[in-house]
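Overview (structure and organization)
Each chain, letter by letter, is given below.
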Amino acid sequence: MGMRILITGSGGREHALAWKLSQSSRVERVYAAPGNAGTALIGENVPISPEDAAGLLAFAREHRIDLTVVGPDDALAAGVVDVFEDAGLRIFGPRAAAARLESSKAFAKDFMQRHGIPTAAYREFTDSAEARDYCRAANYPLVVKADGLALGKGVIIAADAEQADAAIRTCMEDKVFGAAGMKVVVEEFLVGVECSIHALVDGSGYLLFPDCRDHKKALDGDLGLNTGGMGTICPSGTVDEEMTARIRAEILDRFMAGIRADGLSFRGMLFPGLMLTAEGPKVLEFNCRWGDPETQVLVRRLNSDMVPLLEATIDGTLTDQFPVWDDAAAVCVILASGGYPGAYEKGKAIHGLSKAAFIEGVEVFHAGTKASDGQVLTSGGRVLGVTGKALGLEAARALAYLGADEISFDGMQRRNDIGAPRRMP
Ligand SMILES: Nc1ncnc2c1ncn2[C@@H]1O[C@H](COP(=O)(O)OP(=O)(O)O)[C@@H](O)[C@H]1O
Ligand SMILES: [Mg+2]
């Protein structure tokens with residue numbers, strides 16, 4: 001009998017994972033908890049929250065799930081992997097103790113500093129007066145980060161002492177991010193090009209994926225507010241062989257040595273956000289799960305089966321895996337609700353989905369969508385990720401926008417420069 005897979009989460013990443021895993025000849029059925037209108041087309045949505053470990057475990061037992069794949073970061077921090085592993089069920093993702101590398105920026109900075117992993121110079125504070133004193137005498141720009149998970153909104157780049165002061169107030173006194181902001185990391189501003197690295201880590205070794213580039217800012221030309229990501233390209237075009245060698249030696253090798261030295265166990269996806277600076281690659285943060293919208297472009301380029309990769313990660317046998325990547329480039333353009341990343345309305349009817357899907361080389365991944373009476377409605381900030389795959393970045397980009405042009409909903413916003421030639425920083 002084929003495998004039954006449960007994917008937790010409801011974003012574009014989860015639809016992309018479901019899409020890829022369902023293509024495996026070994027997979028019989030894919031469930032998504034809670035999923036979206038896209039995962040519902042591939043498998044079955046189940047109304048369980050990704051953080052409800054007990055609910056997920058009961059479902060997995062009842063439906064004889066062979067493998068559970070965790071999507072979002074907060075589920076890892078909540079210990080869903082610990083609960084499954086302790087119950088003897090197979091699950092993809094690191095345990096909470098290792099996922100702290102993402103859920104606490106101070107923990108990650110300390111880890112990097114102790115293990116010689118290049119990162120921005122920093123100080124951490126639990127006292128707002130001390131943080132203020134430090135910021136008053138610092139050089140600008142300066143970066144203030146809430147320690148914990150803050151839905152991608154906990155990082156403030158301060159242009160001057162006044163802005164740093166406001167950031168400290170927001171985090172530590174107004175407690176806008178709750179407990180996540182009681183501690184802050186204040187770090188040096190790095191200049192360079194950002195890039196997203198993904199590597200499967202099986203406890204003893206790692207398998208590096210192709211590099212991607214996200215576009216974090218809401219508006220064209222990298223203007224506006226930070227978002228969860230408005231589009232991705234793969235490959236990023238900024239990582240040559242020499243840079244890859246440095247990323248391996250200075251970041252991933254040292255990460256593995258650090259994990260070992262600290263007695264931690266890490267099995268799952270490690271996704272470091274990097275700044276490629278004049279001095280070399282530096283880690284902005286560690287994410288302990290698949291990127292969103294990086295996953296959307298990675299799955300488009302992975303030509304071989306994904307199931308063995310996930311299994312080998314859990315079993316510690318990644319050295320036997322040789323994934324096949326497409327030579328073609330992939331581009332993902334996010335279609336977002338009007339107002340995102342601020343307040344936005346939901347429940348708008350989405351038009352043109354089937355027209356876009358009809359284009360050869362285009363694949364549309366759902367994020368904040370909901371099926372209702374045969375219609376697909378918006379239900380989140382990032383609504384869809386339209387991907388194009390073709391030989392060469394320009395062709396992939398043209399294809400993604402060709403697909404995106406077919407789709408419309410009230411208030412829809414997108415960036416028009418995903419993968420466009422970069423202005424030098
Ligand atoms: N030290 C830094 N120098 C320059 N930019 C930074 C720095 N740290 C973070 N950023 C910017 O802020 C964004 C978010 O920071 P990150 O550490 O990735 O936090 P999160 O993804 O949890 O919000 C980064 O993608 C990058 O654009
Ligand atoms: Mg980030």
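Residues numbered from 1 in each chain as written. Chains lettered and ligands numbered in written order. Predicted model: local features only at pLDDT ≥ 70, side-chain atom pairs only at ≥ 80, totals over all residues. Heavy atoms only, no water.

1. Some points on the overall build of the protein
For the protein, the count of helices and strands is 14 helices and 23 strands. For 425 residues, the compact-globule estimate of 2.2 N^0.38 gives 22 Å, and the C-alpha radius of gyration of the protein, at 21 Å, lies within 12% of that figure. If one aligns the C-alpha atoms of the protein with their principal axes, the spans along those axes are about 60 × 45 × 45 Å. When burial is assessed residue by residue, the protein has 57% of its 425 residues classed as buried. (Helix = DSSP H or I, 4+ residues; strand = E, 2+ residues; numbered from the N terminus. Rg over C-alpha atoms; globule rule 2.2 N^0.38 Å. Buried < 20%, exposed > 50% of the residue type's maximum accessible area, 1.4 Å probe, protein only.)

2. With respect to the site of ligand 1
Around ligand 1, 17 residues are found, and the nearest of them are Lys145, Glu187, Leu190, Glu194 and Glu285. In this structure, lysine 105 approaches ligand 1 through a side-chain N or O atom, which is 2.8 Å from an oxygen atom. Note that an oxygen atom of ligand 1 is positioned 2.4 Å from one of the side-chain N or O atoms of glutamate 194. For ligand 1, whose accessible area on its own is 540 Å², the fraction buried by protein is 89%. Among the secondary structure elements, those contributing two or more residues to the shell around ligand 1 are strand E7 (142-146), strand E8 (155-158), strand E9 (184-188) and strand E18 (280-287). In terms of residue class, the shell around ligand 1 is made up of eight nonpolar, two polar and seven charged. If you count residues domain by domain, the shell around ligand 1 takes at least three from each of domain 2 (121-188) and domain 3 (193-406). (Near = heavy atom within 4 Å. Polar contact = N/O pair within 3.5 Å; in protein donor to acceptor, adjacent residues only side chain to side chain. Areas by Shrake-Rupley, 256 points an atom, 1.4 Å probe, with all protein chains shown as cover. Nonpolar A, V, L, I, M, F, W, Y, C, P; charged D, E, K, R; others polar. Domains from an automatic or database assignment.)

3. What to know about the sheet that holds strand E16 (residues 231-234)
Ordered in space as E13-E16-E19-E23-E20, the five strands form an open sheet in which the pairing is antiparallel. Every other strand in the sheet has two partners, leaving strand E13 (213-214) and strand E20 (362-366) as the edge strands with one partner each. With two bridges connecting them, E13 and E16 associate as antiparallel partners. Looking across to E16, one finds that arginine 213 is bridged to isoleucine 233. Here helix H14 (residues 393-406) sits on the sheet and contacts E16, strand E19 (329-336), E20 and strand E23 (382-390); the angle it forms with E23, its principal contact strand, is near 140°. (Pairing = 2+ DSSP bridges. Contact = heavy atoms within 4.5 Å. Axes fitted to C-alpha atoms, helices over the stretch in contact; angles between N-to-C directions.)

4. Here's the deal with the nonpolar core
Grouped together as the largest cluster of nonpolar side chains are 49 residues, with contacts concentrated most on Leu6, Phe84, Leu101, Ile117, Phe255, Phe266 and Phe286. Looking at which element gives the most residues to this core, the answer is helix H10 (residues 241-261), with seven residues. When residues of this core are sorted by domain, at least three fall in each of domain 1 (3-95) and domain 3 (193-406). Setting aside its immediate chain neighbours within four residues, leucine 6 contacts Tyr31, Ala33, Val46, Leu56, Phe59, Ile65, Leu67, Thr68 and Val69. Counting residues in each nonpolar core, the second largest holds 39 residues, with Ala18, Val69, Leu200 and Ala336 among its members. (Core = buried A, V, L, I, M, F, W, Y, C linked by side-chain atoms within 4.5 Å.)

5. Describing unusual backbone geometry
The linkage connecting tyrosine 140 with the following residue, proline 141, adopts the cis geometry, with an omega of 0°. Position of proline 141 among the secondary structure elements: in the loop between helix H8 (128-136) and E7. Residue proline 293 is reached from aspartate 292 by a cis peptide bond, and omega for that bond is 20°. Mapped onto the secondary structure, proline 293 falls in the loop between E18 and helix H11 (294-301). Despite not being glycine, lysine 175 shows a phi value in the positive range, around 50°. Overall, the relative accessible area of 41% leaves lysine 175 in the partly exposed class. With phi around 55°, aspartate 222 is a residue other than glycine that occupies positive phi space. Mapped onto the fold, aspartate 222 is located in the loop between strand E14 (217-219) and strand E15 (223-226).

6. Some remarks on the packing of H8 against helix H9 (residues 161-173)
Their axes nearest at 10 Å, the elements H8 and H9 cross at an angle of 165°. Compared by their axis directions, H8 and H9 come out roughly antiparallel. The handedness of the crossing between H8 and H9 comes out as right-handed. Across the interface between the two elements, Ser128, Ala131, Arg132 and Cys135 of H8 pack against Ala161, Ala164, Asp165, Ile168, Arg169, Met172 and Glu173 of H9. Looking at the contact of H8 with H9, its residues break down into six nonpolar, one polar and four charged. (Parallel < 35°, antiparallel > 145°, perpendicular 65-115°, else oblique. Left-handed = near helix turned anticlockwise from the far one by under 90°.)

7. Structural notes on the sheet that holds E7
Read from one edge to the other, the open sheet built from four strands follows the order E6-E9-E7-E8, with strand pairing classed as antiparallel. Here the strands that pair on one side only, and so sit at the sheet edges, are strand E6 (122-125) and E8. Averaged over neighbouring strand pairs, the angle between their axes works out to 20° when direction is ignored. Pairing between E7 and E8: four bridges, direction antiparallel. By the bridge assignment, valine 143 is partnered in E8 with isoleucine 157.

8. A word on helix H3 (residues 53-62)
Within the sequence span of H3, burial applies to Ala53, Leu56, Leu57, Phe59 and Ala60. The buried residues of H3 occupy an angular sector of 165° when projected down its axis, which confines them to one face. Those residues of H3 that are exposed and angled more than 90 degrees off the buried face are Ala54 and Glu62. (Arc of directions from axis to C-beta.)

9. Digging into the pairing of strand E21 (residues 369-372)
Strand direction decides the pairing type here: E21 and strand E22 (residues 375-378), joined by four bridges, are antiparallel. Paired with threonine 369 across the bridge in E22 is threonine 378. Here E21 folds back onto E22 in antiparallel fashion, the turn holding two residues, of which aspartate 373 has a positive phi close to 50°.

10. So, the state of the cysteines
Here a disulfide denotes a covalent bond joining the sulfur atom of one cysteine to the sulfur atom of another. By the definition in use, this model includes zero disulfides. Not part of a disulfide, cysteine 195 finds its nearest cysteine sulfur in cysteine 212, a span of 8.2 Å. On the accessibility criterion, cysteine 195 (3% relative accessible area) is buried. With relative accessibility at 0%, the residue cysteine 212 sits in the buried group. (Disulfide = S-S within 2.5 Å.)

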